[in-house]
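Observations on the model geometry
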Amino acid sequence: MIVNSSTTARVDALVFDAYGTLFDVQSVASVAERLFPGRGDALSRLWRSKQLEYSWLQSLMLSATQRREDFAAITAHALDHAGEALKLALTPAARHRLLDAYLDLSPYPDAAPALAALAPTPRVVLSNGTREMLEPLAAATGIALHLDAVLSVDAAGIYKPSPRVYQLAVDHLKLPPIRIGFVSSNGWDVAGAKALGLTGIWVNRAAAPVERHGPKPDHTIASLAELLALVGKA
């Protein structure tokens, strides 16, 4: 179900978001459910929502006196808030188990096959995560075998969707932005990449409505498997 793409995407490289695109952030729900029966899904979803909210707020608040914390710190803050909001007894041991679960996320089943089939097209990850979070996760899941580079927003000093983040991919690949396909399941992330001129490819797994605040995606697909046909690899 490829939408608004009558022709193939003419790109020379592909840049992928990690969390929610290659790795299922809701896979922590199984750990949360074991710790808090009947509340695992609610905790996982509120945790993720606050994690993103904090990344946006910290980017907006940057100043000479307000520093940006890295994604590991933001992830911990978001978990603490979600636990308190849901009135859960988040003991140090439970907190440690949940934070560790974020370092052991499950890849989506379509991720590795699609990345492998896209070779030799350059495939790069560009993520809010730190390299210390991303590289072990990619290695442990086998995703690293199909990547040419892992880029973290830490090099830009700000979070997505700042243009400075997407510029990291442009600088790394040394290509015109339009020749870079940016692939994300987060509509706001695709809009941010398109604002800098990258070709936006939205993996709309949840059949969500398109975001209204910025540029619409150039292409919409339902899974990473559809990416192969879109870029002429099928």
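Further up the page is the structure itself.
Now for a look at the structure at hand. These numbers come from a predicted model, not from an experiment.

Criteria and cut-off values
Residues numbered from 1 in each chain as written. Predicted model: local features only at pLDDT ≥ 70, side-chain atom pairs only at ≥ 80, totals over all residues. Heavy atoms only, no water. Phe/Tyr/Trp six-rings, centres within 6.5 Å; stacked < 30°, edge-to-face > 60°. Helix = DSSP H or I, 4+ residues; strand = E, 2+ residues; numbered from the N terminus. Buried < 20%, exposed > 50% of the residue type's maximum accessible area, 1.4 Å probe, protein only. Contact = heavy atoms within 4.5 Å. Pairing = 2+ DSSP bridges. Axes fitted to C-alpha atoms, helices over the stretch in contact; angles between N-to-C directions. Salt bridge = Lys/Arg side-chain N within 4 Å of Asp/Glu carboxyl O. Patch = residues over 30% accessible without salt bridge, like charges linked within 9 Å, V, L, I, M, F, W, Y side chains within 5 Å. Areas by Shrake-Rupley, 256 points an atom, 1.4 Å probe, with all protein chains shown as cover.

A few words on the packing of aromatic side chains. Scanning the entire structure with this criterion turns up 6 aromatic pairs. Measuring from centroid to centroid gives 6.0 Å for phenylalanine 71 and tyrosine 159, while their planes differ by 50°, and the two rings are tilted. Here the residue phenylalanine 71 occupies a position in helix α3 (residues 71-85), and tyrosine 159 occupies one in the loop between β5 (149-152) and α7 (163-173), the gap between them amounting to 88 residues. Between tyrosine 166 and phenylalanine 182, the ring centres sit 5.4 Å apart and the planes meet at 90°, which makes this aromatic pair edge-to-face.

Glancing now at the environment of alanine 169. On the secondary structure map, alanine 169 appears in helix α7. In this structure alanine 169 comes out as buried when scored by relative accessible area, which is 0%. Alanine 169 sits 19 residues away from valine 150 along the chain, and the two C-alpha atoms are 9.9 Å apart. Among residues more than four places away in sequence, those in contact with alanine 169 are Val15, Leu126, Leu151 and Ile180.

The 6 strands are arranged β5-β4-β1-β6-β7-β8 in an open sheet whose pairing can be described as parallel. The two strands at the open ends of the sheet, each matched to only one other strand, are β5 and β8 (219-221). In this sheet, adjacent strand axes meet at a mean angle of 25° when their direction is disregarded. Sheet topology places strand β7 (residues 199-203) next to β8; 3 bridges connect them, and they run parallel. Following the sheet pairing, isoleucine 201 is matched in β8 by histidine 219.

A word on the pattern of salt bridges. The final tally for this structure, using the stated rule, is 11 salt bridges. Between lysine 160 and aspartate 17 there is a salt bridge, with its nearest N and O atoms 3.0 Å apart. Of the two residues, lysine 160 is situated in the loop between β5 and α7 and aspartate 17 in the loop between β1 (13-16) and β2 (23-24); the sequence distance between them amounts to 143 residues. Neither residue differs from the other here; lysine 160 and aspartate 17 are each classed as buried. Salt-bridge contacts for aspartate 110 lead to arginine 205; the nearest nitrogen and oxygen are separated by 3.0 Å. Placement of aspartate 110 in the loop between β3 (106-107) and α5 (111-118) and of arginine 205 in the loop between β7 and β8 is noted, with a sequence separation of 95 residues between them.

Together, Leu57, Leu60 and Met61 give the surface a local cluster of nonpolar side chains, amounting to about 320 Å² of exposed area. Relative to the assigned elements, methionine 61 resides in helix α2 (residues 40-61). According to the relative accessible area criterion, methionine 61 is partly exposed, its value standing at 44%.

Glancing now at the environment of glycine 20. Along the chain, glycine 20 turns up in the loop between β1 and β2. Residue classification places glycine 20 among the buried positions, given a relative accessible area of 10%. In this structure, glycine 20 is in contact with Val25, Tyr108, Ser185 and Arg205, ignoring residues within four places of it in sequence.

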